[in-house]
Amino acid sequence: MAEMKETQHADRVQLAYAGVLAIASNLGIVFVAAGFLVYVFRLLPLSVPVEQVASLWHLRASELHALIHVPSGWNCLQELGRGDALSYASIIYLSSVTMFCLLSAASAFFRGKDYIYTAISLLQLAVLVFAAAGIVSGGH
Amino acid sequence: MRFSDMKHHIFPAALCGMLLFLLLPSHPALAAGSEAVVQTAWWAWVIGLFVFTFLLGIVAVVAGVGGGVLYVPIVSSFFPFHIDFVRGAGLLVALAGALSAGPPLLRKGLANLKLALSMALIGSISSIAGALAGLAMPEKAVQIALGATILAITVIMYTAKNSAYPEISEPDTLSKALHIHGIYYDEHLKKDVSWQIHRTPVGLLLFILIGFMAGMFGLGAGWANVPVFNLVLGAPLRVSVATSVFVLSINDTAAAWVYLHKGAVLPLIAVPSITGMMLGTRIGAKLLTRVHTSVVRRVVIALLAVAGLRALLKGFGI
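Note that the coordinates shown come from a computational prediction; the quantities given were computed from them, not determined experimentally.

Novice: I'd love a proper account of the packing of aromatic side chains, names of residues and values included.
Specialist: By convention here, two paired aromatic rings are described through the distance between centres and the angle between planes. According to the stated counting rule, one finds twelve aromatic pairs over all chains in the structure shown. Following the ring pairs from residue to residue traces out a cluster consisting of Trp57 of chain A together with Trp45, Phe52, Phe79 and Phe81 of chain B.

Novice: So, a nonpolar patch on the surface: which residues are in play, and what are the values?
Specialist: Residue and element names in this part refer to chain A. Taken together, Ile23, Leu27, Val30 and Phe31 make up a surface patch of nonpolar side chains, about 370 Å² in accessible area. Among the secondary structure elements, Ile23 is positioned in helix 2 (residues 12-40). According to the relative accessible area criterion, Ile23 is exposed, its value standing at 57%.

Novice: Lay out the pairing of strand 1 (residues 181-186) of chain B with the relevant residues and their values.
Specialist: Bridge count for strand 1 of chain B against strand 2 (residues 191-196) of chain B is six bridges, and the pairing is antiparallel. Pairing of Tyr184 of chain B across the sheet is with Val193 of chain B, part of strand 2 of chain B.

Novice: Help me get a handle on the packing of helix 5 (residues 83-107) of chain B against helix 12 (residues 267-287) of chain B, residues and values and all.
Specialist: Residue and element names in this part refer to chain B. Direction vectors running N to C along helix 5 and helix 12 enclose 35°, while the axes themselves pass 9 Å from each other. The two elements helix 5 and helix 12 cross, and the hand of that crossing is right-handed. Counted together, Phe85, Ala89, Leu92, Val93, Ala96 and Ser100 of helix 5 and Ile269, Ala270, Ser273, Ile274, Met277, Met278 and Arg282 of helix 12 form the full contact between these two elements. Split by residue class, the contact of helix 5 with helix 12 holds ten nonpolar, two polar and one charged.

Novice: Any details on the interface of chain B and chain A? Residues and values, ideally.
Specialist: Taken residue by residue, the interface counts 71 residues in chain B and 69 residues in chain A. Of the roughly 5,900 Å² buried at the junction of chain B and chain A (both faces included), carbon and sulfur atoms supply 72%. For chain B, the biggest contributors to the area lost against chain A are Trp42, Trp257 and His261 of chain B; these three give 14% of the whole. Linking chain B with chain A are two salt bridges, by the criterion used here. Asp114 of chain A is paired through a salt bridge with Lys114 of chain B; the nearest N and O atoms lie 3.2 Å apart. For the interface between chain B and chain A, the tally reads 21 residue pairs in polar contact (both at pLDDT 80 or more). Counted by class, the side of chain B that touches chain A contains 48 nonpolar, 13 polar and ten charged residues.

About the cut-offs
- Residues numbered from 1 in each chain as written.
- Chains lettered and ligands numbered in written order.
- Predicted model: local features only at pLDDT ≥ 70, side-chain atom pairs only at ≥ 80, totals over all residues.
- Heavy atoms only, no water.
- Phe/Tyr/Trp six-rings, centres within 6.5 Å; stacked < 30°, edge-to-face > 60°.
- Patch = residues over 30% accessible without salt bridge, like charges linked within 9 Å, V, L, I, M, F, W, Y side chains within 5 Å.
- Areas by Shrake-Rupley, 256 points an atom, 1.4 Å probe, with all protein chains shown as cover.
- Salt bridge = Lys/Arg side-chain N within 4 Å of Asp/Glu carboxyl O.
- Helix = DSSP H or I, 4+ residues; strand = E, 2+ residues; numbered from the N terminus.
- Buried < 20%, exposed > 50% of the residue type's maximum accessible area, 1.4 Å probe, protein only.
- Pairing = 2+ DSSP bridges.
- Axes fitted to C-alpha atoms, helices over the stretch in contact; angles between N-to-C directions.
- Left-handed = near helix turned anticlockwise from the far one by under 90°.
- Contact = heavy atoms within 4.5 Å.
- Nonpolar A, V, L, I, M, F, W, Y, C, P; charged D, E, K, R; others polar.
- Buried area = accessible area lost by both parts, 1.4 Å probe.
- Polar contact = N/O pair within 3.5 Å; in protein donor to acceptor, adjacent residues only side chain to side chain.

And the structure:
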């Protein structure tokens, strides 16, 4: 009874957002864990040996990348056959989950003729796409 | 021993484990860049990080503190990783926690998407700026600023008195225009509670600042989101806590992309942290009703103060 009371105030947009979020985030955790196991158990070849990365992880990110070519930004997608790139790609996926949810929210707001929040959701999505594209951070 | 019996021992063990880490002296093996660090097998650090974040997850949930705010100062002080990678991992830890906590909060109507989206839009832009600024700053300056921020957070946590059901006489014009109001079923009161907010422009300004700091230091920002929603905007505490999760997921996503593109995310550090923290928070949630949360909260605030002080001293080269 209490559970019924609790759910009756969630509107259609919130339920749509929650549905996408539940599926996408659960998949994300599975991808992250599986990708990491492939990486550390060397089930696929690596771009850089784990020992070499570990010997340099005390350096600044820019210094480490000047010395070794570890996956960074979108360039990991070009090397998905490598364990470290696969693990990195799983983190890229996890960082994209909010964008999938915002897209579903924008669509639900639009169907509900709530044009203010359709615009806010799309603007928010544009900000995240801008960050993901690496325009301000010199992405690859 | 059954799990129900074990529950009584898990929390003291977790707290002792964390204290052990914090009470360790500045041993050369823990100083970044030392030979001892290079000689220590990489997997020992990775397993150590997983165990530590697992314990941190238990303690953070029981204390009602976001894991992200504890993660960055403690891991940057006690593990050999550069603070660039710790901040990148910290954002992902906070993001993963927010993503997994989100669905039930939305389904129960506790989190309000309109309130979250209105505040996150401006906060996410400033979190990108904060991340860029943080990664451009010299390491010592980051440590000093982080230490000072953590000490300020400690004071906020110690002194802030949240209000469960703030009284709002009249919502402001902007919140009315944006239709920010809601109703939820309160388990404690056993009845529906309707709410509205005021001082929306002030809240927006504060979220610019919060987003910037979250991006700069890689901290989850629940410590700041909740007081602003609750004490400034006047949202009920449960709505504030739940909605904070969504603001955090959006702001941290924006900042995390900057860290990803700047090469400040290493799966070797980020993944054990994410999985350890998520497992720990699930165990912590089961222990919530079995420990004295107010005592634990005081202990965690003290831990946070120690971590902040260490970051500050590290920044000054002491």
